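Fold and geometry: a report
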Amino acid sequence: MEKNFDKTQWHLHECNIKIFEGLIFINLSEQPNNFNEFIAPTKKFIEFHGLADAKIAHRQYYPTYGNWKLTLDNFHECYHCQPSHPEYCQVHDKEYIIAYGAGSNTGPASEKFDKVLSEWNEKVNKMGHLTGEYSETEFNDYSRSAERTPLKEGMFTETKSGQPISKLMGKFKDYDCGYTSVGTSPFNSLLMCNDFATLFTFIPVSPLYTQVELMWLVHKDAEEGKDYNLDEMKWMWDVTTIADKRIIEDNQKGVLSEKYVPGPLSEMEKGLEKFKSWYLRHLENSIN
Ligand SMILES: [Fe+2]
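The notes below deal with the structure included here. Not measured: the values here are computed from a predicted model.

Cut-offs applied
- Residues numbered from 1 in each chain as written.
- Predicted model: local features only at pLDDT ≥ 70, side-chain atom pairs only at ≥ 80, totals over all residues.
- Helix = DSSP H or I, 4+ residues; strand = E, 2+ residues; numbered from the N terminus.
- Rg over C-alpha atoms; globule rule 2.2 N^0.38 Å.
- Buried ≥ 20, exposed ≤ 12 C-beta atoms within 10 Å, placed from the backbone.
- Contact = placed C-beta atoms within 7 Å.
- Expected span 1.5 Å × (residues − 1).
- Arc of directions from axis to C-beta.
- Core = buried A, V, L, I, M, F, W, Y, C linked by C-beta atoms within 7 Å.
- Pairing = 2+ DSSP bridges.
- Axes fitted to C-alpha atoms, helices over the stretch in contact; angles between N-to-C directions.
- Parallel < 35°, antiparallel > 145°, perpendicular 65-115°, else oblique.
- Left-handed = near helix turned anticlockwise from the far one by under 90°.
- Nonpolar A, V, L, I, M, F, W, Y, C, P; charged D, E, K, R; others polar.

Looking only at helices and strands, the protein features eight helices and nine strands. Taking 19 Å as the expected radius of gyration for a compact globule of 288 residues, we find that the protein reaches 20 Å, a close match to that expectation. With respect to the three principal axes, the spread of C-alpha positions in the protein is 70 × 55 × 35 Å. Buried residues in the protein amount to 33% of all 288 residues. Sequence-distant contacts in the protein: of pairs separated by 6 or more residues, those separated by 24 or more amount to 67%.

In structure tokens form, the structure reads like this:
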């Protein structure tokens, strides 16, 4: 280059990043929203699990040959969980799946779960642990959610035996047998037990291909083979994500067929309705 070549004018593109509790948030907008405002509703749920003091025990990719919207569709409703995911149902209560997983809070099954939840909340509050939930009530830039709920009775953590599997994380003083679900966008989910966490990231790659990345996190001092067994820890989400990959790919084949016609959502699929209207309103806003 010439002597007067100005390197400062020809650098890589800049982007905004924030590191919160060891999680890296990237914003490609030139006018990023206020991070503190964005993280506020889910902050205490993430902090309680001490992710800043965690390490990645395992990372695995599940390449999924389906559109990203079909992939998220599958992940954000649990209407299909009872027929399709026996392993998930071994760890999570049927009433919870109907009340939260399927995104419906109106049926008699969720009334039953409400009772279980309020008894558990009382116990957990006495332990000095966190309870509660958050979901967006009106349309905004974000799609955030958080909740703490009990696992199926007798389960300490999300494993086949339900027995504790690793060192307690974050602010947990003892096992409260709870489960914390956090989403800071539809493209990621933090599903956290008392002693390990499973992090999901859904990456749209092309119209017919979505990369699904799972990371299992444990306390930074936990040692494999001594404090935790990786196969036992990844069992449920590994087998469930493999099943979901097949469901999504079959679904995609159906959607591509000449006979395909879109159908209505079930009343149990409130989460999907919310996601679709959020996405469509964003599309509208980007056109206008
Ligand atoms: Fe699924």
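So, about helix H8 (residues 270-287). The terminal C-alpha atoms of H8, which comprises 18 residues, lie 26 Å apart, in line with the 26 Å expected from a rise of 1.5 Å per residue. Taken together, the buried positions of H8 are Gly 271, Leu 272 and Phe 275. Taken down its axis, H8 places every buried residue within 100 degrees of arc, on the same side. In H8, those exposed residues whose orientation departs by more than 90 degrees from the buried face are Ser 277, Leu 280, Arg 281, Glu 284, Asn 285 and Ile 287. Buried residues belonging to H8 abut helix H2 (68-75).

The next thing to look at is the nonpolar core. In this structure, Phe 196, Ala 197, Leu 217 and Val 218 are the most contacted members of the largest nonpolar core, which totals 40 residues. With five residues, helix H5 (residues 94-101) is the single largest residue contributor to this core. Excluding residues that lie within four positions of it along the chain, Leu 217 makes contacts with Leu 51, Ala 54, Lys 55, Ile 56, Ala 57, Phe 196, Ala 197 and Leu 199. Among the nonpolar cores identified, the runner-up in size contains five residues, and Trp 68, Phe 75, Leu 272 and Phe 275 belong to it.

The next point concerns the sheet that holds strand S7 (residues 188-192). Here we have seven strands laid out as an open sheet, ordered S3-S9-S8-S7-S6-S5-S4, and antiparallel in their pairing. Taken across any chain shown, the strands that pair with only one partner, and hence form the sheet edges, are strand S3 (54-61) and strand S4 (133-135). Shown here is a sheet whose adjacent strand axes are inclined to one another by a mean of 20 degrees, direction ignored. Taken together, the five bridges between S7 and strand S8 (residues 197-206) define a ladder with antiparallel strand orientation. Across the sheet, the residue bridging to Asn 188 is Thr 201, located in S8. Contacts from helix H1 (residues 35-48) reach S4, strand S5 (145-150), strand S6 (178-185) and S7 within the one sheet, and its direction differs from that of S6 by about 140 degrees. In this fold helix H7 (residues 230-256) packs onto S3, S8 and strand S9 (209-219), with an angle of close to 155 degrees to the strand it touches most, S9.

Turning next to the environment of Pro 204. On the secondary structure map, Pro 204 appears in strand S8. Put simply, Pro 204 and Gly 66 are 138 residues apart on the chain and 9.4 Å apart in space, counted from C-alpha to C-alpha.

Attention now goes to H2. Of all eight residues making up H2, six are buried, and the element is well covered by its neighbours. Of the residues making up H2, those classed as buried are Trp 68, Thr 71, Leu 72, Asp 73, Asn 74 and Phe 75. Against S8, S9, H7 and H8 lie the buried residues of H2.

On to the pairing of S5. On a regular strand, each side chain points to the face opposite its neighbour's, so the side chains alternate between the two faces of the sheet. Extensive coverage of S5 is indicated by the burial of five of its six residues. Note: S4 against S5, three bridges, orientation antiparallel. Paired with Glu 133 across the bridge in S5 is Glu 147. Two elements, S5 and S6, share six bridges in a ladder whose sense is antiparallel. What sits directly across from Thr 149, in S6, is Tyr 179.

Right, let's talk about the packing of H2 against H7 for a bit. For the pair H2 and H7, interaxial distance at closest approach is 10 Å and the crossing angle is 130 degrees. Taken as axis vectors, H2 and H7 run oblique relative to one another. Helix-helix and strand crossings are classified by hand; for H2 and H7 the assignment is right-handed. Taking contact as the criterion, the partners of Leu 70, Thr 71 and Asn 74 in H2 are, on H7, Asp 244, Ile 247, Ile 248, Asn 251, Gln 252 and Val 255. Within the contact of H2 with H7, the residues separate by chemical class into four nonpolar, four polar and one charged.

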